[in-house]
Amino acid sequence: MTEVEETLKRIQSHKGVIGTMVVNAEGIPIRTTLDNSTTVQYAGLLHQLTIKAKSTIRDIDPQNDLTFLRIRSKKHEIMVAPDKEYLLIVIQNPCE
Amino acid sequence: MGRGARKRDDDSGTEVGEGTDEWTQSKATVRPPDQLDLTDAELKEEFTRILTANNPHAPQNIVRYSFKEGTYKPIGFVNQMAVHFSQVGNLIPKDSDEGRRQHYRDELAAGSLESVKAVLSDAEILEEDEEPKEVEMEAGSQTELPPAEVAETVIEEELMTPKQPKERKLTNQFNFSDRASQTLNHPVRDRECQMEPPPRTNFSATANQWEIYDAYVEELKKQEKTKEKEKTKTPVAKKTGKMAMRKLTSMESQSDDITKVSQAAKIVERMVNQNTYDDVAQDFKYYEDAADEYRDQEGTLLPLWKFQNDKAKRLAVTALCWNPKYNDLFAVGHGSYDFMKQSRGMLLLYSLKNPSFPEYIFSSESGIMCLDIHVDHPYLVAVGHYDGNVAIYNLKKPQAQPSFRSSPKSGKHTDPVWQVKWQKDDMDHNLNFFSVSSDGRIVSWTLVKSELVHTDVIKLKVEGSTTDVPEGLQLHTVGCGTAFDFHKEIDYMFLVGTEEGKIYKCSKSYSSQFLDTYDAHNMAVDAVTWNPYHTKVFMSCSSDWTVKIWDHTIKTPMFIYDLNSAVGDVAWAPYSSTVFAAVTTDGKVHVFDLAINKYEAICNQPVVARKKTKITHVEFNPIYPIIIVGDDRGHITCLKLSPNLRKMPKEKKGQEVQKGPAVEIAKLDKLLNLVREVKIKT
């Protein structure tokens, strides 16, 4: 398996991780460990949010760029790491 | 009267017929039967006829009812007018409103200004003519009239002349009627045709500052590319450096879909780990043990992360090294100290940001005994193996194999390599490192044109071993080097520790002679390190349970510490010249601060879980107040030093706290002087 696959596997098996998904530039999920409807929902919503966040950062300073986005909610934490063409979303339940 | 009139009419009728003899002849007067017979006298009676204005047909006795008297009363006067003929005509008087209006309209339509002028001029002439006439006629008093008459004539003239030029038809206002006719309207029919609509897609874009910036940057890149292509064909290495967190750059050559997420995946893995080990990360950053205030010179070590890897499970940690550039990256060498159980080795590089999985993994056939990371090129790792080989790993390249390797041909050691250290580049800017091994050789390896070339620097000899042996059969017993360290400032000077317990001070330039020898320990010297601040002080530790601090000008140690257990490693703290840590095989970490307590450790803490595990190495992080400790089970524990262990000299009132090497040196000097004095005395 390639290194990336291994990394994704590790992330998925990490403590507290509920699901991971890879979304492409148009918001279409490519790879996911959750069920279809949830995936599609997360993908669509987070894709828009990431674009907005990225636009915000870059508007303030065009030389800056978004590295990652963390949304912590009562139940769990959603982590979004944008890449040039893809978006990696991980939902984790931080153990407290 | 009426009858008489009629009679006359008849008579006249007969009288008239003079010329019409034919009439009278044939016609005979016929007397009606009821005619009155009158006598002649009555016939000749004259009746007078009076012509009056009375209407014979008008009634003479109209009565009207009078409400006042309540009777009918005859009307005195009866209207005698008899209308014989009436016709409604269409002539209107000129002076009436309608007449004037029509006249005005006619004038406008004809455009009769000129004619008016002409008229006026005529009128003027007329006026002039008439006026004198009038004046002659009526002497002065009736001057009003003539102008009026003249005006009338003028008006008449005016009225007259416009009529002449105009010849258009006047619409008959009274008998004008509209006539319309309508053609048949054809029924309207709609005709449509529809094509297939072109395929549509939604396009949306935003024009932000950064999009414009991106476009410019791309343009710039294109230009640069074309320039480069013109010049030479140099491979463009893609650098995706975002934040300083990211490690060394890598060549992106894959086109596989999922591998493009590698960057993001790395970041996410770290995030996930951060979440899991959130409290640890917080401790690492912010926790300062408050209890240290009450502990009065003692300190503690707070355990932070634990690093371990399944693949290196049964291998002991044989070497630790922090990366000089990236302060959260450290290298771990795995191998085995057991002579009997020799297996493979591993080189793992961990980052504090991801405690669950190493960043880099390298595997080797022989156990790794030591490693060192180059200061200027933090991607080069020199490694010494149990089988005597040395190798260089390049972290930038994704290969699993070392970039350079020594071999039996290229002069590898015949015994395990116990320590390697990078040196400064030589004259030709070639990379260069030293290695020491049990075979007694200290070898300098130089990387010349991608090949490792070795140069024997020194061969360790055991002095005083040639006894009772005649010349010619002198066996040069070779000392086994187990540790060495190079002086920070004096480049050529270095120390070597041997298995016999001796420490030799050597110079790179003298290959046969030692500069100095110290009878350090009773057992093998495990580690030798120079003090990072004080140029004269170094420290050594050994399996004979002792740690000794030396001044290299003095043959006897300054300080000796007995730790009740074989000491695996010692390390000076980078922030203070008087702090150092020692690890023992009973799983304890001892931290000393000579400035606080010259005789005892200020921290004495068991660190590993099981009592049987031996701690093999310890390293201080150059920036953060943490140490990493490796044990023989392949685990690495990261510990935070409590404030007491990091004490800086207290500032005196009014004086600034001087920080810097000078202060540290002075501090240590003070201590040393105390000891020396004592020694001199005794």
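Residues numbered from 1 in each chain as written. Chains lettered and ligands numbered in written order. Predicted model: local features only at pLDDT ≥ 70, side-chain atom pairs only at ≥ 80, totals over all residues. Heavy atoms only, no water.

Looking at an unreviewed UniProt entry, chain B carries the name Dynein axonemal intermediate chain 1, with the source organism given as Cavia porcellus. Comment text from UniProt for chain B, heading Subcellular location (unreviewed entry), reads "Cytoplasm, Cytoskeleton, Cilium axoneme". Of chain B, the UniProt comment under Function (unreviewed entry) reads exactly: "Part of the dynein complex of respiratory cilia." (UniProt positions renumbered as here; feature names shortened; annotations may be inferred.)

With an unreviewed UniProt entry as reference, chain A is termed Dynein light chain roadblock, source organism Heterocephalus glaber. The record in UniProt for chain A states the following under Function (unreviewed entry): "Acts as one of several non-catalytic accessory components of the cytoplasmic dynein 1 complex that are thought to be involved in linking dynein to cargos and to adapter proteins that regulate dynein function. Cytoplasmic dynein 1 acts as a motor for the intracellular retrograde motility of vesicles and organelles along microtubules." Looking at the Sequence similarities (unreviewed entry) heading of the UniProt record, one finds this comment for chain A: "Belongs to the GAMAD family."

Undergrad: Can you help me understand the UniProt feature "repeat: WD" (unreviewed entry) in chain B in this one?
TA: Per the UniProt annotation, the sites labelled "repeat: WD" (unreviewed entry) are residues 518–551 of chain B. Structurally, residues 518–551 of chain B is divided into 0% helix and 59% strand, and its ends, taken at the C-alpha atoms, are 11 Å apart. (Helix = DSSP H or I, 4+ residues; strand = E, 2+ residues; numbered from the N terminus.)

Undergrad: Any chance you could explain the nonpolar core here in plain terms?
TA: Side chains that are nonpolar tend, in soluble globular proteins, to be buried together. With 33 residues, the main nonpolar core has B:Leu347, B:Leu349, B:Leu371, B:Val381, B:Ile392, B:Phe433 and B:Leu452 as its most contacted residues. Each residue touching B:Leu347, except ones within four places of it in the same chain, is listed here: B:Ala331, B:Val332, B:Tyr360, B:Ile361, B:Phe362, B:Ile368, B:Leu371, B:Val381, B:Val383 and B:Tyr393. (Core = buried A, V, L, I, M, F, W, Y, C linked by side-chain atoms within 4.5 Å. Buried < 20%, exposed > 50% of the residue type's maximum accessible area, 1.4 Å probe, protein only. Contact = heavy atoms within 4.5 Å.)

Undergrad: Please clarify how the interface of chain A and chain B should be interpreted in this entry.
TA: Facing the 33 residues of chain A at the interface are 27 residues of chain B. Summed over both sides, the interface of chain A with chain B buries roughly 3000 Å², with 63% coming from carbon and sulfur. There are two salt bridges connecting chain A and chain B. The residue A:Arg58 makes a salt bridge to B:Asp214 at a minimum N-O spacing of 2.6 Å. Taken together, the connections running from chain A to chain B amount to 12 residue pairs in polar contact (both at pLDDT 80 or more). Sorting the residues of the side of chain A that touches chain B by element identifies α1 (3–13), β1 (17–24), α2 (36–60), β3 (69–72), β4 (77–82) and β5 (86–92) of chain A as the ones contributing at least two each. No other element matches the six residues that α1(A) contributes to the side of chain A that touches chain B. (Buried area = accessible area lost by both parts, 1.4 Å probe. Salt bridge = Lys/Arg side-chain N within 4 Å of Asp/Glu carboxyl O. Polar contact = N/O pair within 3.5 Å; in protein donor to acceptor, adjacent residues only side chain to side chain.)

Undergrad: Is there a simple way to explain the packing of α2(A) against helix α7 (residues 209–231) of chain B in this structure?
TA: Each packed pair of helices is defined by two parameters, the angle between the axes and the distance between the axes. α7(B) packs onto α2(A) with a crossing angle of 75° between their chain directions and a minimal axis gap of 8 Å. Considered as vectors, α2(A) and α7(B) are oriented roughly perpendicular to each other. On the side of α2(A), the interface is formed by A:Ser55, A:Arg58 and A:Asp59, while α7(B) contributes B:Gln209, B:Trp210, B:Tyr213 and B:Asp214. Class assignment for the residues of the contact of α2(A) with α7(B) results in two nonpolar, two polar and three charged. (Axes fitted to C-alpha atoms, helices over the stretch in contact; angles between N-to-C directions. Parallel < 35°, antiparallel > 145°, perpendicular 65-115°, else oblique. Nonpolar A, V, L, I, M, F, W, Y, C, P; charged D, E, K, R; others polar.)

Undergrad: So what exactly am I meant to see when it comes to the packing of α1(A) against helix α8 (residues 262–276) of chain B here?
TA: Viewed as axis vectors pointing N to C, α1(A) and α8(B) meet at an angle of 25°, and their least axial separation amounts to 10 Å. Put simply, α1(A) runs roughly parallel to α8(B). Note that α1(A) runs across α8(B); the crossing there is left-handed. In this structure, α1(A) contributes A:Val4, A:Thr7, A:Leu8, A:Arg10 and A:Ile11 to the contact, and α8(B) contributes B:Ser262, B:Ala265, B:Val268, B:Glu269 and B:Val272. Here the contact of α1(A) with α8(B) is composed, by residue class, of six nonpolar, two polar and two charged. (Left-handed = near helix turned anticlockwise from the far one by under 90°.)

Undergrad: What exactly am I supposed to notice about the sheet that holds strand β19 (residues 516–519) of chain B here?
TA: Within a sheet, neighbouring strands are paired by backbone hydrogen bonds and run either parallel or antiparallel to one another. All names here are of chain B. Taken together, four strands build an open sheet; the order of strands is β16-β17-β18-β19 and the sheet is antiparallel. The two strands at the open ends of the sheet, each matched to only one other strand, are β16 (481–486) and β19. Sheet twist, expressed as the mean angle between neighbouring strand axes with direction ignored, is 20°. In terms of strand pairing, strand β17 (residues 493–498) meets strand β18 (residues 502–507) through five bridges, oriented antiparallel. Considered in β18, the bridge of Met493 is made with Ser507. (Pairing = 2+ DSSP bridges.)

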